[in-house]
Amino acid sequence: MKARRPVAAVVLAAGLGTRMRSARAKVLHELAGRPLIAYPLDALRSVGADPVVVVVGYQEEAVRAACAPYATLFARQKEQRGTGHAVRMAAPALRDFVGDVLLVNGDLPFLTAASFRSLVRSHQRSGAAVSLLTAEIDAPAGFGRIVRERGRVAGIVEDKDADAEQRAIREINVGLYCARSEFLFPALRKLRPANAQSELYLTDIVEQAHRAGLAIGDARADIAEGAQVSTLADLAAHEKTMRQRINLGWMERGVTMIDPETTYIGPAVEIGADTVIGPNVTMRGTTRIGRGCRFDGTAMLTDAQLGANVHVKLGVVITDAVVGAGAMIGPFAQLRPGSDLGEGVHIGNFVETKKAKLGAGTKANHLAYVGDAEIG
């Protein structure tokens, strides 16, 4: 996407997430094997946002580490004084930036890159001071409600500040905004904690724009995209949704799954067409599977590289290993990190390899350990 104006981004990731009832920061909880913070960062990368500023606070070092694969800047929110305060902390990192700034919560894993692009495109075409993504849901409790006047967005009322009439509104704030830098930074300085939580709400910049007579843009998101992770129950429900989405995508690309309900495929995994996957198979990390492979079932692969037509039998664990085309692994075998198996290698019952290079056609069919070795 080629934007008309430069696009930067701020990701809010400073909070604990008290409703998770966990000592781990919310954005570090994993969904489909990846921390929640990775999903909005991936979407921002596809939009070409630069720079991206992540606002950190609780478990700062761990959140920074989770963001390491992305070229991000960081801003520190020492005190948790609300979303508006968080973005205010990011302002110094963008002091020389002139353009449009995407603002997104770090706990929105289902927002698609297409929605990011669509919001930026409509925002820049309309010339709005600020634009936001909304969704309509049947159970809006806990979400900020969109208040409209004559059909146009006039403000956002947080759930704790809403009256009975406002709580009946089903259109909610998703948590993704795009604002002109010329409007955003002065608006942040005007925020006041005049609300039930005595916090600086980012949502108040929308009302500021309305009162100033500035244009406010809005775009409607699919209900599923607005799904937030607030509790561990949410996380479990979203895990199932994410897994179904990933599995359906691979089946549409020619991968057979005997039991999709027990097949767990990570978002960064790649699988060749005509591969058949039996029940209870998990593939994580950067695993790459060639065409025409077969998994009988009950296998765990992490950062594994398999060539074409590999047969993985029951009860196999493969971690950070390379397997050549036509190899046969298992049953009940383990390939530990550094294993490099050539074409047509057979690894059988209760065989374990570690930092071992096995040449083409090598067979270790029973009860063996091959470690720190090279076999021709």
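Quick look at the structure, then. (Residues numbered from 1 in each chain as written. Predicted model: local features only at pLDDT ≥ 70, side-chain atom pairs only at ≥ 80, totals over all residues. Heavy atoms only, no water.)

**What about the pattern of salt bridges?**
Within the structure shown, the criterion is met by 20 salt bridges. The residue E270 makes a salt bridge to R288 at a minimum N-O spacing of 3.6 Å. With E270 in strand β14 (residues 270-271) and R288 in strand β17 (residues 288-289), the pair connects residues that are 18 residues apart, well separated along the chain. Among the residues examined, E270 registers a relative accessible area of 43% and is labelled partly exposed. E352 is paired through a salt bridge with R336; the nearest N and O atoms lie 2.7 Å apart. Placement of E352 in strand β27 (residues 346-358) and of R336 in the loop between β25 (334-335) and β26 (340-341) is noted, with a sequence separation of 16 residues between them. Residues participating in the shared-partner salt-bridge network are E136, D138, R148, R170, E171, D218 and R220. (Salt bridge = Lys/Arg side-chain N within 4 Å of Asp/Glu carboxyl O. Helix = DSSP H or I, 4+ residues; strand = E, 2+ residues; numbered from the N terminus. Buried < 20%, exposed > 50% of the residue type's maximum accessible area, 1.4 Å probe, protein only.)

**Structural notes on unusual backbone geometry**
Of note, the bond from D50 into P51 is cis; its omega dihedral lies within 30 degrees of zero at 5°. Along the chain, the position of P51 falls in the loop between α1 (38-47) and β4 (52-56). The omega torsion of the bond from G330 to P331 falls at 5°, within 30 degrees of zero and hence cis. Note that P331 resides in the loop between β24 (328-329) and β25. Positive phi is not limited to glycine here, since N309 has a value of about 60°. Here N309 is to be found in the loop between β20 (305-306) and β21 (311-312). Here N309 falls in the exposed class, since its relative accessible area comes to 52%. The backbone of F332 sits at a positive phi, close to 55°, despite the residue not being glycine.

**Let's talk about the packing of helix α6 (residues 181-189) against helix α7 (residues 204-211)**
In the contact formed by α6 and α7, the axes pass within 10 Å of each other and the chain directions differ by 110°. In terms of orientation, α6 and α7 fall into the roughly perpendicular class. The two elements α6 and α7 cross, and the hand of that crossing is right-handed. Contacts from F183, L184 and A187 in α6 reach I205, Q208 and A209 in α7. Tallied by class, the residues present in the contact of α6 with α7 amount to five nonpolar, one polar and no charged. (Axes fitted to C-alpha atoms, helices over the stretch in contact; angles between N-to-C directions. Parallel < 35°, antiparallel > 145°, perpendicular 65-115°, else oblique. Left-handed = near helix turned anticlockwise from the far one by under 90°. Contact = heavy atoms within 4.5 Å. Nonpolar A, V, L, I, M, F, W, Y, C, P; charged D, E, K, R; others polar.)

**A look at the packing of aromatic side chains**
Within this structure, the stated rule accounts for one aromatic pair. Aromatic pair F332 and F350: ring centres 5.5 Å apart, planes at 10°, arrangement stacked. Separated by 18 residues along the polypeptide, F332 in the loop between β24 and β25 and F350 in strand β27 bring together distant segments of the chain. What makes F350 exposed here is its relative accessible area of 53%. Across from the ring centre of Y39, 5.1 Å away, lies the NZ or CZ of R34, which sits over that ring. Its end group placed over the ring of W250, R253 keeps NZ or CZ at 4.0 Å from the ring centre. (Phe/Tyr/Trp six-rings, centres within 6.5 Å; stacked < 30°, edge-to-face > 60°. Lys NZ or Arg CZ within 6 Å of the ring centre and 35° of its normal.)

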